[in-house]
Amino acid sequence: MGGGNSKPAASTNRPLGQTGAFAPALNTAATTVSRNWNEEFQQALDLIDKEDFARGYAQLASVTADFHDAAERMVEIIISELAVVEADKTYIESASLGFDDPNITVYEAKNITFTIAHGGQGSSSWLELGNELRHTTNVFRCKETALRLPLMCIFDFKGFRTLAQARLPAQNKQLLGYDTVIKGYILESPELNNAMTRIGKQLNLAKGKIGARGGAVYSCFHYSTSAWTPGSATDFTGGKKQRVYITNLRHLMPVDILRGSEGGNEAPGMHAEAAEKIRPEFLRRYAVPLTGNVNLPPPNAKPAAKYFHEDGDDALQALRKALKHLTRIVTMESIDSLSDKLRDEFPEPDDSLVAQAERAAHAATAAATASPHVGAVSMVEQFGRAKVKPGRAAEQELAMEQVEKMAVLTTQVQAEGLNLRMIGDVRAKINRFSKVRNHGDIRQLLLTEMVARILKVSVYKILREANGSRGKGGSIAAALSKGMTLPNEGMDEWDVEVPQLLDAAKIRNKKKPQPSNEACRSAIAAFFNIVFARQFDETNHDKVLQRELEEEGMHARKAEEVVTLANLIEDIRKKNKEMFPGALETMIHDLKKDLATTVRASVPGGSWMIDKYKQYKEHQAQSKEEEAAQDVRDQEFADKILRRKDPLDPFSIYWRVTMRDLIHRKYGQDAMSKDEQSRSWSVIDNIDAEVVLRRLAAITGIRFS
């Protein structure tokens, strides 16, 4: 069943999955007519409802696999042609299904609707597509057969997130939602309300009023949720049941008002509806049911009164208490669970002599059979080439174990009900001097995870630009030359994540105006060659200075004293600038003024004394000119001796400044300790680059070898 050319005669004899059943015949002839994915999906669910499990699950597995394959092929074409003019595109954007969000475009082809988020990872459009799939999955697991959900899946390709959804039938009658005619909310079917209440109890969603006064309805679902039927009537009790579809579930879970929900309608700092939601795992275990109807309208929504509900204020207070519990209690409890999970999944190795000999033999065998290119990085197929220092087979095995630990940690964090954007809070609550088993490993693994995920955002951004997002000309060079300075307030959060390329013009694809995979390969290769390659030789400045002084005839011990003094002056200067910028000069200036005032006021003849002192200073000015000139020469000589890093080194700037600031902005100020926030601390010197690359490959789908 690979599409319209499937042959039922052959498919009926083909074993499917581990159930021992056979692929069903859906009477799909060899024709060019597009398959009705939704109807096939709903038919499979009907068979399961009738307890025909063999046929139902076989058909369900078959249609979902075929839907995924067909959608994946079309997504690759649509994304690759985003920068192509409409007349030359394979699939045309659907104007009738457009969204108000300018960062979302919609395509429709072969009974599949494709919703594409252009905002990039971390943007509201990206998060909302993920929420739609996650919340739909959670409702589907409640196994409430009275409500039907669309078949959907998500693809992250070339930095774009696409939600592929089976096309639904035309909406005939709305059962739940906002009615524009009566300008109020409706919930017309008691049976529908009962089914939604049962789902709410399983997900721990509180039931409250949607709307205000006499027009309010009781529901545990978010006010933006829509329930409707393609028929003219609904029968939950007998006869042929009309299918009731429930859609728009992206706001089902309560909003995380601690993250990203600023920017309300009336005043700065006022909360608004946002794409950041709390995880269903936390909500199901929380003692009190919560709801998403907490009087938070979308940003700049008008009229705002439409989004306020009678029980919204009480629900908002309950949500605030829940988030305090999440950040204060759950994060602390998760540390112990993470430690136990690492202990269970990765037990301590056997230190016996026999075990050590077996490990040594295994490492020797792996080293003998390893490819000479083991440890080198090559972006296979879509991603060009970049190089890092080759590693040994034993180091490769250790790196893979670290990557497996990071995967276990992130899975456990989400199982505890925490979003991955909160791993900085978890790391902040682990004492870096803790002697508890696995605490040090957890801190190190979480730091590596944060770096890998920030690089993931950078990679996706480069792929979007190189793919020619929205038809931008010269997008490859633009993606790689965003600069190294932090953005001003109000700019896109991810506009500075890519280090500046020294010669971006070399990779501009001038001969091919249309996007190609080669452009993406070149862009990613250039990015990795900057991020993981030291552009300047970081030599030991102390040894160089000491050697130069000795060559000038200075004794070795004296030269060592000069180097020590130069380092001391540099450290004091740096500390004063960080802790007391300009305070010392201001204090001395004020003390001199106080001294002169005191002398005038309290000493007999004080004014004469000050005038005399002024004349004396003017007399001494001439004699000090030569001393001042000599002092300038001494200062210039000292500045040459004092060590200085090359300010144009993009590698050093990226890992010492940019990466640290991106971690602060994405995971919070407390994600790194005070020592790690100093300018002299470099992230790359405290992580394993090979582990980062392997983890990046795991979470992006980019294959490294």
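Residues numbered from 1 in each chain as written. Predicted model: local features only at pLDDT ≥ 70, side-chain atom pairs only at ≥ 80, totals over all residues. Heavy atoms only, no water.

Peer 1: Just to check I follow, could you spell out the pairing of strand β12 (residues 226-229) for this structure?
Peer 2: A regular strand places its side chains on the two faces of the sheet in alternate fashion. Where burial is concerned, the two faces of β12 agree: the one with Ser226 and Trp228 and the one with Ala227 and Thr229 are both buried. Alignment of strand β8 (residues 173-179) against β12, held across three bridges, turns out to be antiparallel. Directly across from Leu176, in β12, lies its bridge partner Ala227. Judged from the three bridges that link them, β12 and strand β13 (residues 244-247) form a sheet pairing that is antiparallel. What sits directly across from Ala227, in β13, is Ile246. (Buried < 20%, exposed > 50% of the residue type's maximum accessible area, 1.4 Å probe, protein only. Helix = DSSP H or I, 4+ residues; strand = E, 2+ residues; numbered from the N terminus. Pairing = 2+ DSSP bridges.)

Peer 1: Teacher, can you tell me more about a nonpolar patch on the surface here?
Peer 2: On the surface, a nonpolar cluster with roughly 360 Å² of combined accessible area is contributed by Leu565, Leu568, Ile569 and Ile572. Residue position: Leu568 is located in helix α15 (residues 556-579). (Patch = residues over 30% accessible without salt bridge, like charges linked within 9 Å, V, L, I, M, F, W, Y side chains within 5 Å. Areas by Shrake-Rupley, 256 points an atom, 1.4 Å probe, with all protein chains shown as cover. Salt bridge = Lys/Arg side-chain N within 4 Å of Asp/Glu carboxyl O.)

Peer 1: What should I look at first to understand the pattern of salt bridges in this one?
Peer 2: Side chains that carry opposite charge are capable of pairing whenever their charged atoms lie near each other. Within the structure shown, the criterion is met by 26 salt bridges. Overlapping salt bridges bring together Glu39, Asp46, Asp49, Arg148 and Arg243 as one network.

Peer 1: Can you help me understand the sheet that holds β8 in this one?
Peer 2: Sheets are built from strands paired through backbone hydrogen bonds, the pairs being either parallel or antiparallel. Here we have five strands laid out as an open sheet, ordered β5-β13-β12-β8-β9, and mixed in their pairing. The outermost strands of the open sheet, each flanked by one partner alone, are β5 (147-148) and β9 (184-187). Two elements, β5 and β13, share two bridges in a ladder whose sense is parallel. Considered in β13, the bridge of Arg148 is made with Tyr245.

Peer 1: Can you help me understand the packing of aromatic side chains in this one?
Peer 2: For the structure shown, the criterion picks out 12 aromatic pairs. Taking 5.6 Å as the distance between ring centres and 70° as the angle between the ring planes, the aromatic pair formed by Trp37 and Phe67 counts as edge-to-face. Pair noted here: Trp37 is in helix α2 (residues 37-49) and Phe67 is in helix α3 (residues 53-80), with a separation of 30 residues, a long-range link. Accessibility classification places Trp37 together with Phe67 in one group, the buried group. One Lys or Arg, Lys405, reaches over the ring of Phe346 and ends 5.7 Å from the middle of that ring. (Phe/Tyr/Trp six-rings, centres within 6.5 Å; stacked < 30°, edge-to-face > 60°. Lys NZ or Arg CZ within 6 Å of the ring centre and 35° of its normal.)

Peer 1: Would you explain the pairing of β9 in this entry?
Peer 2: As defined by bridge partners, β8 adjoins β9 across four bridges and the pair is classed as antiparallel. Among the inter-strand pairings, Asp179 is bridged to a residue of β9, identified as Gly184. Taking the residues between adjacent antiparallel strands as the criterion, β8 and β9 are bridged by four residues, where Lys183 takes a positive phi near 55°.

Peer 1: Sorry, what's going on with the sheet that holds strand β6 (residues 152-157) here?
Peer 2: In spatial order, the strands read β3-β4-β7-β6; together these four strands make up an open sheet with antiparallel pairing. One side of each edge strand has no neighbouring strand; the edge strands of this open sheet are β3 (104-109) and β6. Geometrically, the sheet is characterised by an average inter-axis angle of 20° between neighbouring strands, direction not taken into account. Of the pairings in the sheet, the one linking β3 to strand β4 (residues 112-117) comprises six bridges and is antiparallel in character. By the bridge assignment for β4, Ala109 is matched with Ile112. Lying on the sheet, α3 is in contact with β3, β4, β6 and β7 (160-166); it crosses β6 at an angle near 40°. (Axes fitted to C-alpha atoms, helices over the stretch in contact; angles between N-to-C directions. Contact = heavy atoms within 4.5 Å.)

Geometric values such as these leave the question of function open.
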